[in-house]
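# Architecture and fold: a report
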Amino acid sequence: WPALWRALLRPRGPRAQPGPGGRRGVQALRRSPVRVLQPQSPREPPPPPPPAVERSAAAPGLCYEKAAAGDRRLGKVVTIAKSKKFRDNHGKVLLEGHRLIKDALEAGAVPQTLFFSTVRHLKLLPEAEIKRASLVKVKFEDIKTWSDLVTPQGLLGIFSKPDPAKMSYPAAQLANSLPLLLICDNIRDPGNLGTILRSAAGAGCEKVLLTKGCVDPWEPKVLRAGMGAHFRVPIIASLDWESLPTNLPAGIQVCVADNNDPSSTSLPRGAASAPASPTAPVKSSPKAAPEHEDEEGAAIPVQHYYEDWARAPVAVVVGGETQGLSPAALGLAASTGGRRLLIPVVPGVDSLNSAIAAGILLFEGRRQLLWRHKQEDGRQKLPVPG
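- As recorded in an unreviewed UniProt entry, the protein chain goes by MRM3 methyltransferase and comes from Molothrus ater.
- Here the protein chain is described in UniProt, under the heading Sequence similarities (unreviewed entry), as follows: "Belongs to the class IV-like SAM-binding methyltransferase superfamily. RNA methyltransferase TrmH family."

Below you can see the structure in the form of structure tokens.
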């Protein structure tokens, strides 16, 4: 029986041959490579197709694009155009309103994109100028959402930042221009700077120089307060005091607006009133023009603003209300033989608003320059004795 059981349990296949070491080889099972499956994430929906562009004609040769629902270009452009960094890096400014955009176009500013709510806005603008821009018709509600105006007009424009050297200012402005310049020193309030620029254009200033520290003249609030003055008088911004004299004509006298009266206790009664003669400037008297030393020790004569000081060419420096005049402004006035121009006010009043002071000095300077020019013309017409 034991031999019979061994015969029955013996494997019927070929016997495994012993290996090199005398051991029987062990046959391993081959396994196919395992395929690793990553967890499947839900598929993202494909991006929506771009809105269809609908084009229409506002006039022969003048086509515009009608923005579709969900078009975000207006909000995006307005948001970035309000940033000073964007204006400086990309050289673009935002203009709003029919009058401001029309003044810009007539002065030679280059439009890039115009957003409007009705075709009527396009018909009121010079057609030859707006053909160079992309015209996009949007809903008035969208313009109202992004506008800074209380009552928006439905017209916004993105322009290249104007270059004063390439602008073509109105002929009437150039014909009435005088050798009168304005220097703004640390004017940081947008409303004040816009009002100052408007006064400079109205007084016929030759140019306006803004030192570093002044608010950006192309900020929307300054543009609104300027009422188009940006396109009537050259504005040169971000000047340091070292390079500022290169923008001034030779032989110019620089005067500074001053609210510090060192002789207020010795002024005669009624000295704060304007001169009786509205046609001629009043000559300075030694008592009315004491000398005042600035921070650098230079003596600068002080006189009332209505006395004789405007001799062509002349520049007026107006400082900010917070910091006032800088030492560099006083040094420039002292080096050019300038004067401190005092606007006397009622005792107890601290000072005038910088925009008001600039307007008073600029128009008084204009009056004196015109009077002097008239006197010189009269002398030239006198017969020469033979």
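### Comments concerning the pattern of salt bridges
- Scanning the model with the defined rule gives 13 salt bridges in all.
- For the salt bridge of E129 with R132, the shortest nitrogen-to-oxygen distance reads 2.9 Å.
- Residue classification places E129 among the partly exposed positions, given a relative accessible area of 25%.
- In this structure, the salt-bridge partner of R372 is D308, at a minimum N-O distance of 2.5 Å. Here R372 is found in helix 12 (residues 354-381), whereas its partner D308 is found in the loop between strand 12 (299-304) and strand 13 (314-319), with 64 residues between them in sequence.
- The exposure class of R372 is buried, given its relative accessible area of 16%.
- One salt-bridge network, held together by shared partners, links E65, D71 and R73.

### Details of helix 11 (residues 327-335)
- Residues of helix 11 that are buried include every one of A329, L330, G331, L332 and A333, and no others.
- Buried residues along helix 11 sit against strand 7 (180-185), strand 10 (253-258), strand 12, strand 13 and strand 14 (340-342).

### Focus on the packing of aromatic side chains
- Within the structure shown, the criterion is met by 3 aromatic pairs.
- Ring geometry for W218 against F231: centres 5.9 Å apart, planes inclined by 50°, an arrangement best described as tilted. With W218 in the loop between strand 8 (207-211) and helix 10 (220-226) and F231 in the loop between helix 10 and strand 9 (235-239), this pair connects stretches of sequence that are 13 residues apart. Residues W218 and F231 agree in their burial class; the two are buried.

### Comments concerning the nonpolar core
- Ranked by size, the top nonpolar core spans 37 residues in total, and within it L180, L182, C184, L193 and V208 carry the most contacts.
- Those elements that provide at least two residues to this core are strand 7, helix 9 (190-203), strand 8, strand 10, strand 13 and helix 12.
- Grouped together as the second largest cluster of nonpolar side chains are 24 residues, L62, L125, I130 and L155 included.

Cut-offs and rules
- Residues numbered from 1 in each chain as written.
- Predicted model: local features only at pLDDT ≥ 70, side-chain atom pairs only at ≥ 80, totals over all residues.
- Heavy atoms only, no water.
- UniProt positions renumbered as here; feature names shortened; annotations may be inferred.
- Salt bridge = Lys/Arg side-chain N within 4 Å of Asp/Glu carboxyl O.
- Buried < 20%, exposed > 50% of the residue type's maximum accessible area, 1.4 Å probe, protein only.
- Helix = DSSP H or I, 4+ residues; strand = E, 2+ residues; numbered from the N terminus.
- Contact = heavy atoms within 4.5 Å.
- Phe/Tyr/Trp six-rings, centres within 6.5 Å; stacked < 30°, edge-to-face > 60°.
- Core = buried A, V, L, I, M, F, W, Y, C linked by side-chain atoms within 4.5 Å.

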